[in-house]
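Commentary on secondary and tertiary structure
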Amino acid sequence: FDLSSLQEPTLYTVKAVLILDNDGERLFAKYYDDTYPSVKEQKAFEKNIFNKTHRTDSEIALLEGLTVVYKSNIDLYFYVIGSSHENELMLMAVLNCLFDSLSQMLRKNVEKRALMENMEGLFLAVDEIVDGGVILESDPQQVVHRVALRGDDVPLTEQTVSQVCLSSSCQCSNQCVKKTNFFLFNQSHLVIG
């Protein structure tokens, strides 16, 4: 047994997360290292992956020295890519978490049109699951909860006028309630002397 051939353990598990349509075209791609530094190389890799996987029923492939786990649904193909020595179960946990999170967010309607209408949710979900190649979360309930919280926290510059007005009226009414409660509290504790 040769100890020099063992890989040093690392938290950087995921090399890429991809979603392709049923023609193999990129809908979403996030690469976490420079295995494929240019868009041209990434697209060639994605085409190769799609050609090798879109007609098979298996869930795992070894391709170009990488471990690829994948699943398809209607007109979408989901891929999570790791190095050749990566644990397939860890990669599959990421894939299942992504798919199940999107399924909940899209109300079980995981198909291209619904996904394209909810790309912001997809970006937030992927960021909650993987950060810089490190797996952060594998529980879809937690991901959906965090995406909902982050979706509520929209910057002022990206809010509609009605959202700003509603928010400011809520803040004003909260201030009025606090002042009224303070006034009532102080009056009830008034010492007459």
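What this report covers is the structure whose coordinates are included nearby. These numbers were taken from a predicted model, which means no experiment stands behind them.

Overview of the packing of helix α2 (residues 88-105) against helix α4 (residues 119-129)
- Between α2 and α4, whose axes approach to 10 Å, the crossing angle comes to 145°. Regarding α2 and α4, the two cross each other, and that crossing is right-handed. Mapping the contact onto sequence places V94, C97, L98, S101, L102 and M105 in α2 and G121, L122, A125, V126 and I129 in α4.
- Looking at the contact of α2 with α4 residue by residue, the classes come out as nine nonpolar, two polar and no charged.

So, the pairing of strand β1 (residues 16-21)
- With respect to burial, β1 is a largely interior element, six of its six residues being buried.
- Neither face of β1 is exposed, since A16, L18 and L20 on one face and V17, I19 and D21 on the opposite face are all buried.
- Pairing analysis gives five bridges linking β1 to strand β2 (residues 26-31), with the strands arranged antiparallel. By the bridge assignment for β2, I19 is matched with F28.
- Between the antiparallel neighbours β1 and β2 lie four residues, among them G24 with a positive phi of about 85°.
- Strand direction decides the pairing type here: β1 and strand β5 (residues 76-83), joined by six bridges, are antiparallel. Bridge pairing links D21 to L76 in β5.

Scoring rules and cut-offs
Just so you know, the residues in each chain are numbered from 1, in the order the chain's sequence is written. Local features are withheld for residues below a pLDDT of 70 in this predicted model, meaning they are given only at 70 or higher, and side-chain atom pairs are given and counted only at 80 or more; totals for whole chains, interfaces and linings count all residues. With hydrogens and water set aside, each side-chain value is computed from the structure's full complement of heavy atoms. In this analysis an axis means a line fitted to C-alpha atoms, helices contributing only their contacting stretch, and an angle means the value between N-to-C directions, from 0 to 180 degrees. Under the scheme used here, helices are H or I runs from DSSP no shorter than 4 residues and strands are E runs no shorter than 2 residues, and both carry numbers assigned from the N terminus. Take the far helix as your reference; a near helix turned counterclockwise from it by less than a right angle gives a left-handed crossing, and one turned clockwise gives a right-handed crossing. Every residue pair with non-hydrogen atoms within 4.5 Å of one another is taken to be in contact. Any residue that is not Ala, Val, Leu, Ile, Met, Phe, Trp, Tyr, Cys, Pro, Asp, Glu, Lys or Arg is counted as polar, Gly included; the first ten are nonpolar and the last four charged. Using a 1.4 Å probe on the protein chains alone, a residue whose accessible area is under 20% of its type maximum counts as buried, one over 50% counts as exposed, and one in between counts as partly exposed. For two strands to be treated as a pair, DSSP must find at least two bridges joining them.

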